Amino acid sequence: MKIGLSGLFIGGVFIWGGLAIAKIDVHGHRGARAVLPENTLVAFEEALDAGVDYLELDTGVTKDNVVVVTHDQYINSDICQYESGARVEKKIPIYSLTFEELKKFDCGSLKNKKFPMQSPKPGQKIPTLAEVFDLVQKSSKQQAKTVQFNIETKIEIENPGLAPTPEEFVRLVMSVVNKYGFGSRTVLQSFDFRTLKAVRGLEPTIRISALVEKNFPSLIKIAREVRPDFISPDQSLLTQKYVNELHKLNVKVAPWTVNKAEDWKKLISWGVDGIITDDPRELIAYLKNNK
């Protein structure tokens, strides 16, 4: 038994205020973008080294149907530039480019100004989902043997020209997942619940997660209608009551994107199942130090 500032650990179960709370899963958001360029291979390698339970990442699709790892549906000029160093001056949809064309962009040289501790890594490209899986398969890091994948489909009902149909998007992603045999280690998440419905129809054994941001209906209503395995709301939308009610419906809760110790403490006390963070190494250290 260990006693800490915030609670106890007895037999691997966290005791907080007399309540038994299961282990908190750490999701490395876009790898570890607090310290390395988001959704790059070096960021995912850092997350593995830190010991994350999940690699959280975003996927898009190129013109030639390659599944790539990117949060934005356009080349993001704040974090990407041409290989020559020239600035990206216009909006270029990912879906309008072939993968060969996409490789002409450097998404590691420009430091994200939102993260003062981030170190640029010149020459980093937007990787394919297959390249991320290759990294994990070939990694000698202990965590690579068990790490899971929380994969978002970047698709919006308002912008149908920026992505394949939900069914085709899911088919393309799952073809990569199945090629690597990672189905049991994969959660497919989306703000666009059409994608989650498509997963249920095409790959019913794959876990799904409903992403929720502001202007949302009740989280309980979403849980009952979508029947996801997880709900991942913006952390500001979550309450202790929601966590309790979602657990009664057998839905796990993993809020995003949580980077401050005071927020970690609150969410742990509420009994969330996972935390999506830009700084997984710091969250893992926090969890160890507060046993």
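Scroll up for the structure.
Thresholds, definitions, all that
Residues numbered from 1 in each chain as written. Predicted model: local features only at pLDDT ≥ 70, side-chain atom pairs only at ≥ 80, totals over all residues. Heavy atoms only, no water. Core = buried A, V, L, I, M, F, W, Y, C linked by side-chain atoms within 4.5 Å. Buried < 20%, exposed > 50% of the residue type's maximum accessible area, 1.4 Å probe, protein only. Helix = DSSP H or I, 4+ residues; strand = E, 2+ residues; numbered from the N terminus. Contact = heavy atoms within 4.5 Å. Phe/Tyr/Trp six-rings, centres within 6.5 Å; stacked < 30°, edge-to-face > 60°. Lys NZ or Arg CZ within 6 Å of the ring centre and 35° of its normal. Salt bridge = Lys/Arg side-chain N within 4 Å of Asp/Glu carboxyl O. Pairing = 2+ DSSP bridges. Right-handed = clockwise from strand over helix to strand, strands pointing away. Axes fitted to C-alpha atoms, helices over the stretch in contact; angles between N-to-C directions. Parallel < 35°, antiparallel > 145°, perpendicular 65-115°, else oblique. Left-handed = near helix turned anticlockwise from the far one by under 90°. Nonpolar A, V, L, I, M, F, W, Y, C, P; charged D, E, K, R; others polar. Arc of directions from axis to C-beta.

Section: the nonpolar core
And then number 1: Residues L55, L129, F133, I151, I231, L238 and I275 are the most contacted members of the largest nonpolar core, which totals 64 residues.
And then number 2: Sort the elements by how many residues they give to this core and helix α4 (residues 166-180) lands first, with eight residues.
And then number 3: With residues up to four places along the chain from it excluded, the contact list for F133 reads F149, I151, V176, V177, Y180 and F182.
And then number 4: Judged by nonpolar contacts, the second largest core, of 13 residues, contains I79, V88, I94 and L97.

Concerning the packing of aromatic side chains
And then number 1: In the structure shown here, the tally under the stated rule is nine aromatic pairs.
And then number 2: The rings of F133, F149, Y180 and F182 are connected pair by pair, giving a single aromatic cluster.
And then number 3: When the ring centre of Y74 is taken as origin, the NZ or CZ atom of K91, which lies over that ring, is 4.3 Å away.

Quick notes on the environment of V66
And then number 1: Here V66 is to be found in the loop between β6 (54-61) and β7 (67-69).
And then number 2: Along the chain, V66 and V173 lie 107 residues apart, while their C-alpha atoms are 9.0 Å from each other.
And then number 3: Ignoring any residue separated from it by four or fewer positions in sequence, one finds V66 in contact with G60, V61, F99 and T128.

A few points about the pattern of salt bridges
And then number 1: On inspection of all chains with the given rule, the structure shows 18 salt bridges.
And then number 2: Between K23 and D25 there is a salt bridge; the shortest N-O distance is 3.3 Å.
And then number 3: Through salt bridges with shared partners, a single network forms among R30, R33, E38, D58 and D278.

Description of the pairing of strand β13 (residues 230-233)
And then number 1: Burial along β13 is two-sided: F230 and S232 and I231 and P233, pointing in opposite directions, are all buried.
And then number 2: As defined by bridge partners, strand β12 (residues 207-212) adjoins β13 across four bridges and the pair is classed as parallel. Within β13, the position partnered with S209 by the bridge is F230.
And then number 3: Handedness of the β12-helix α6 (residues 219-226)-β13 crossover: right-handed.
And then number 4: As paired elements, β13 and strand β14 (residues 252-253) share two bridges and run parallel to each other. Opposite I231, over in β14, you have V253 as the bridge partner.
And then number 5: Of the crossover connections in this fold, the one passing from β13 over helix α7 (residues 240-248) to the parallel β14 is right-handed.

Observations regarding the packing of helix α8 (residues 261-270) against helix α9 (residues 280-289)
And then number 1: At a closest axis distance of 11 Å, the pairing of α8 and α9 adopts a crossing angle of 55°. Considering the angle they form, α8 stands oblique to α9. Here the hand of the crossing between α8 and α9 comes out right-handed. On α9, the residues touching A261, W264, K265 and I268 of α8 are E282, L283, Y286 and L287.
And then number 2: Per-class residue counts for the contact of α8 with α9 are six nonpolar, no polar and two charged.

Quick look at α8
Each α-helix turn comprises 3.6 residues. Residues three or four places apart therefore point the same way.
And then number 1: Those residues of α8 that fall on the buried side of the exposure criterion are D263, W264, L267, I268 and W270. The arc that holds every buried residue of α8, seen down its axis, measures 155°, which confines them to one face.
And then number 2: Following α8 by one or two positions, G271 has its phi on the positive side, about 90°.

Worth remembering: the numbers are spatial, not functional.
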